[in-house]
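Here is how the chains run, residue by residue.
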Amino acid sequence: MKLKRQTHAELCELQRRTGSAIMRRLNGASRMQQTWMDGRRTADVVAEFIKPNDRLTSFDRIEIYNRQYWFRLIDCLYDDYRGLHAVLGQAKFNRLTIEYLDRYPSRCFTLRNLGSRIGQFLDERPDLIQPRAELAREMAKFEWAQVVAFDGPVETPVTVDDLLGANPTKLRLALQPYITLLELHWPLDDWSIALKNSANTLRSEASNAVESEAKTAIERPKLPKKKTVFVAVHRYQNMLYYKRLEPAAFAMLAALRDGRTLEAAVGAVMESNEDRDWSAEVQKWFANFTSMGWFCRRK
Amino acid sequence: MKSSTQFSIAAAALSGLLMGTAARAATVAVPTTPANHQSIQKSVDAGQKAAIKLADSADKHDCAGKNDCKGKGGCKTGDAGCKGKNSCKGKGGCATNK
Amino acid sequence: MPANRFNGFTDLGIGIGLRVPHYSHILSKKPTCDWYEIISENFMCDGGRPLEVLDEILAQYKVVQHGVSMYFGSTDPIDRLQLRKLKELVKRTKTPFLSDHLCWGSVDGTYTHDLLPVPYTFAAAKNTAERIKFVRDTLEIPIVVENVSSYAEFHASEMNEWEFLSEVVERADCGILLDVNNIYVSSQNHGFDPYDYLNGVPFDRVGQIHIAGHSKFEKYTLDTHDHAPIPPVWKMYAHAIEQVGSTATLLEWDAHIPSFDEVHGTALKANRFLSQSVDQRKTKKRLLSTSAV
Ligand SMILES: [Fe+2]
């Protein structure tokens, strides 16, 4: 028994030191760095607070946690950004995730939000995603939209009572928060499906639902050719969907999302082609959108 | 001229909104049977279903320890960290672990 | 003590962790299973498929919530949003009690998402117990804390792990989720006798037991949950059951997850020890009543 007991302040300080060792970047060989932030040997620093045992030094023991930290979080980002991984290739993806976690370590209790700032980070660090910076940025947005569509919040959809007698010049609607509208310059929806299918074919089809591993290097589809598409990433009956939209429908939904009135949003349609008779088309679109519960009341 | 056309399209939009909302309300009210489930799905154009079912996505959280990266994206450079990942499966040891 | 105030006076039997690869089997085949343990954080979301699946499971099965991010041993302020979301989930699942780990994992608002060992000090015990009490009082539900597997120890420790566990649960007046595999893993890593640990646990506070598989490397043992428990862990489990009595037991399997039937079948091996415990208790009772006559 020690004479002097640890104080609460000392406990806080010990957790701080341990945390900085655990969350510090690994070296190029995925091991703990040999040199501490202040130039001392890491082994000497961690030996001050971690006990060695008969097989492992203090350095070895804290290194287990240091590696676990990075492996766990990089793996989690990979799960959410497989398309980005495919666009960049493994080496660049790894570098990106390490830089990202260093810049934006997790500040939330749930790993669900770990990759929430990847899009922002790619804007800040285009050097990490060259020469496919634009494609990578779009892929990241497309993939984060899927996380949101998967388990994002849902609001009560508008009801007939909300709409009866509504004046289109005043009516403002909101889009469900789980829906993301994206103008993409590559058909990433088709490509993502091809990518997932190619991965799935390499998984063993064992019965009774088992977790299986991709067996060999995945021969993934070639990168897509440029083509502008308008997509809503959403969920319907709790399944994830990519819905292609006509440019005019996209513009209209974006206008509604941004708070414009129904009539003003319709103006966005007319801008694309004044001569076309839009009424029947627009009616069909809206019937379809609302049958999926896409609109809710604006708060 | 433009504003009257615009208003008539807006009115069409509103009637579409009402149609869809009413149709949705009806499907919510009626218990789903395999037959009407199919007809509801047919009438809705949700787009392409993502290839992986939502239920098949991975759990984010567990309380297991990690000594490798199960995903293909983990591990810096994919060498040291992941080296031995396959080779250590089922052998009770991994070259990269002390 | 199968049912006690720490597990909401439940007697759940043998369960397994609810994991994604088994969803379709469970939902379509509705196999028999006494109960499932869910990782709370996987369902602390705002909508979508996870909650739909959960509701379907709740309609058919008993569910207990197990958390991985409350970090009772951290010194950061408790995240109110997290607590609010957890309370919403508790209301949804009606879990009879809630478990999380005797560990820390966040510092200055940054999360490691790992279960880190606490220095076994009186200051840490006080801090941990206060947080457990706060969470329990906020959620209005019994709490059991789980001993973790660890790979490192602190010079600062003022007692051993089981003394620390006892200190915390006595101070917080909470229960224990006894993970016998974690005791085994830590005993391998720190060189103590796992039975010294087991015998040092205040048995009357055990509300649930975990069993799991681990991986042995050349110089350390890792709690990987990627295969069935090994015989020494079953032996420890038998010993724990002898001491504690028939207690809700759960098998954790988180990686290389085999079929539902294999996981559930493995968990059911615990029955052997549970029924022995019941028999022993009956015999003991009979002997006592005979001697009284
Ligand atoms: Fe456990």
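Residues numbered from 1 in each chain as written. Chains lettered and ligands numbered in written order. Predicted model: local features only at pLDDT ≥ 70, side-chain atom pairs only at ≥ 80, totals over all residues. Heavy atoms only, no water.

**Student:** Account for the coordination of the iron ion, with residues named and values stated.
**Tutor:** Residue and element names in this part refer to chain C. Taken together, Glu146 (OE), Asp179 (OD), His210 (ND1) and Glu252 (OE) make up the protein donors of the iron ion, found 1.9 to 2.3 Å from the metal. Classification of the site at the iron ion rests on its 4 donor atoms, whose angles at the metal span 84 to 173°, yielding the label irregular. Donor residues for the iron ion sit on one chain with the sequence pattern E-x32-D-x30-H-x41-E. Within this pair, whereas Asp179 is found in strand S8 (residues 175-179), its partner His210 is found in strand S9 (residues 206-212), the two being separated by 31 residues in sequence. A single burial state applies to Asp179 and to His210, both of which are buried. (Donors = N, O, S within 2.8 Å, 3.2 Å for Na, K, Ca; no water. Tetrahedral: all angles 85-135°; square planar, octahedral: opposite > 155°, others 65-115°. Helix = DSSP H or I, 4+ residues; strand = E, 2+ residues; numbered from the N terminus. Buried < 20%, exposed > 50% of the residue type's maximum accessible area, 1.4 Å probe, protein only.)

**Student:** Could you give me a rundown of the confidence of the model for chain A, with the residues and numbers involved?
**Tutor:** All names here are of chain A. Looking at chain A, pLDDT values average 91 and 92% of them are 70 or higher. Predicted confidence for residues 204-209 stays below pLDDT 50, and this span has 12 contacts to residues more than four positions away or in other chains. A low-confidence stretch, residues 211-216 stays under pLDDT 50, and its non-local contacts, those more than four residues away or across chains, total 17 contacts. (pLDDT = per-residue confidence, 0-100. Contact = heavy atoms within 4.5 Å.)

**Student:** Pulling in residues and values, what's your account of the sheet that holds strand S12 (residues 249-252) of chain C?
**Tutor:** All names here are of chain C. What the 8 strands build is a closed barrel, ordered S1-S2-S3-S4-S7-S8-S9-S12; its pairing is parallel. Taking each pair of neighbouring strands and ignoring which way they run, the sheet shows an average axis angle of 30°. Across 4 bridges, the pairing between S9 and S12 is parallel. Across the sheet, the residue bridging to Ile211 is Leu251, located in S12. Along the sheet, helix H9 (residues 260-268) contacts strand S1 (14-17), strand S2 (35-39) and S12; its crossing angle with S1, the most-contacted strand, is approximately 140°. (Pairing = 2+ DSSP bridges. Axes fitted to C-alpha atoms, helices over the stretch in contact; angles between N-to-C directions.)

**Student:** Please set out the pattern of salt bridges residue by residue, giving values where relevant.
**Tutor:** All names here are of chain A. Summed over all chains, the structure comprises 41 salt bridges over all chains. Across the pair Arg25 and Glu99 runs a salt bridge whose closest N-O atoms are separated by 2.9 Å. With a gap of 74 residues between them, Arg25 in the loop between helix H1 (8-22) and helix H2 (42-47) and Glu99 in helix H5 (residues 90-103) connect regions that are remote in the sequence. Among the salt bridges present, the one from Asp102 reaches Arg25, with a minimum N-O distance of 2.7 Å. With a gap of 77 residues between them, Asp102 in helix H5 and Arg25 in the loop between H1 and H2 connect regions that are remote in the sequence. Connected through salt bridges with shared partners, the residues Arg25, Arg95, Glu99, Asp102, Arg125 and Asp127 form a single ionic network. (Salt bridge = Lys/Arg side-chain N within 4 Å of Asp/Glu carboxyl O.)

**Student:** Kindly report on unusual backbone geometry, identifying the contributing residues and their values.
**Tutor:** With an omega of 0°, the peptide bond between Gln130 of chain A and Pro131 of chain A qualifies as cis. Inspection of the secondary structure puts Pro131 of chain A in the loop between helix H6 (118-124) and helix H7 (133-151). Positive phi, close to 50°, is recorded for Asp108 of chain C, a residue that is not glycine. Among the secondary structure elements, Asp108 of chain C is positioned in the loop between strand S5 (104-107) and strand S6 (110-116). Overall, the relative accessible area of 42% leaves Asp108 of chain C in the partly exposed class.

**Student:** Go over the nonpolar core, please, and point to the residues and values.
**Tutor:** Side chains of nonpolar character tend, in soluble globular proteins, to be buried together. In terms of nonpolar packing, the biggest core is built from 166 residues, with Leu84 of chain A together with Leu178, Val180 and Tyr237 of chain C touching the most fellow members. Among the elements that line this core, the one with the most residues is helix H3 (residues 58-80) of chain A, at 12 residues. Sequence-distant contacts of Val180 of chain C, that is, excluding residues within four places in its chain, are made with Leu198, Ile209, His210, Ile211, Val233, Met236, Tyr237 and Ala240 of chain C. One finds Tyr241, Met252 and Leu256 of chain A together with Ala10 of chain B within the second-largest nonpolar core, a separate group that totals 43 residues. (Core = buried A, V, L, I, M, F, W, Y, C linked by side-chain atoms within 4.5 Å.)

**Student:** Explain the domain arrangement of chain A to me, using residue names and the numbers behind them.
**Tutor:** Residue and element names in this part refer to chain A. Examined at the domain level, chain A breaks down into domain 1 (1-68), domain 2 (81-151) and domain 3 (154-187 + 224-299). Taken together, the 11 residues of domain 2 in the interface contact 15 residues of domain 3. Where domain 2 abuts domain 3, roughly 1100 Å² becomes buried across the two surfaces, and 67% of that area is made up of carbon and sulfur atoms. Three residues, Glu138, Phe142 and Ala149, lead the burial of domain 2 against domain 3; their summed loss comes to 45% of the area buried on that side. Joining domain 2 to domain 3, the criterion identifies 1 salt bridge. Across the salt bridge formed by Glu134 and Lys226, the nearest N and O atoms sit 3.7 Å from each other. The tally of links between domain 2 and domain 3 comes to 3 residue pairs in polar contact (both at pLDDT 80 or more). Per-class residue counts for the side of domain 2 that touches domain 3 are 6 nonpolar, 1 polar and 4 charged. (Domains from an automatic or database assignment. Buried area = accessible area lost by both parts, 1.4 Å probe. Polar contact = N/O pair within 3.5 Å; in protein donor to acceptor, adjacent residues only side chain to side chain. Nonpolar A, V, L, I, M, F, W, Y, C, P; charged D, E, K, R; others polar.)

**Student:** Now, about the packing of aromatic side chains: what can you tell me, with residues and values included?
**Tutor:** Residue and element names in this part refer to chain C. Following the criterion strictly, the structure yields 24 aromatic pairs over all chains and no others. Each ring, one from Tyr71 and one from Tyr111, has its centre 6.1 Å from the other, and the planes form 35°; the classification is tilted. One end of the pair, Tyr71, is in the loop between strand S3 (62-66) and helix H3 (80-93); the other, Tyr111, is in strand S6, with 40 residues separating them in the sequence. Tyr71 gets classed as buried once you look at its relative accessible area, which sits at 1%. A residue is classified by how much of its surface remains accessible, and Tyr111, at 8% relative accessible area, is buried. (Phe/Tyr/Trp six-rings, centres within 6.5 Å; stacked < 30°, edge-to-face > 60°.)

**Student:** How would you sum up the layout of surface pockets? Please name residues and give values.
**Tutor:** Taken as a whole, the second largest pocket encloses approximately 720 Å³ of empty space. Around the second largest pocket, the lining is made up of 31 residues, and of these Tyr236, Gln237 and Met292 of chain A together with Arg24 and Val28 of chain B lie nearest the centre. Those elements giving two or more residues to the lining of the second largest pocket turn out to be strand S3 (229-236) and helix H12 (279-291) of chain A, helix H1 (2-29) and helix H2 (34-43) of chain B together with helix H2 (49-60) of chain C. Here the residues of the lining of the second largest pocket sort into 12 nonpolar, 13 polar and 6 charged. (1 Å grid on protein atoms, 1.4 Å probe; cavity = no way out; pocket = protein on both sides within 12 Å on 5 of 7 lines; lining within 4 Å. Points joined across faces, edges and corners; volume = space filled by probe spheres on them.)

**Student:** Explain the packing of helix H4 (residues 122-139) of chain C against helix H5 (residues 161-172) of chain C residue by residue, including any values.
**Tutor:** Describing two packed helices takes the angle between their axes plus the distance from one axis to the other. Residue and element names in this part refer to chain C. Look at H4 against H5: their axes get within 8 Å of each other, and the N-to-C directions meet at 40°. It follows from the interaxial angle that H4 and H5 lie oblique. In this structure, H4 crosses over H5, and the sense of that crossing is right-handed. Note on element contacts: H5 touches H4 through Phe164, Glu167, Val168, Arg171 and Ala172, opposite Phe122, Ala124, Ala125, Lys126, Thr128, Ala129, Ile132, Lys133 and Arg136. When grouped by side-chain class, the residues that make up the contact of H4 with H5 number 8 nonpolar, 1 polar and 5 charged. (Parallel < 35°, antiparallel > 145°, perpendicular 65-115°, else oblique. Left-handed = near helix turned anticlockwise from the far one by under 90°.)

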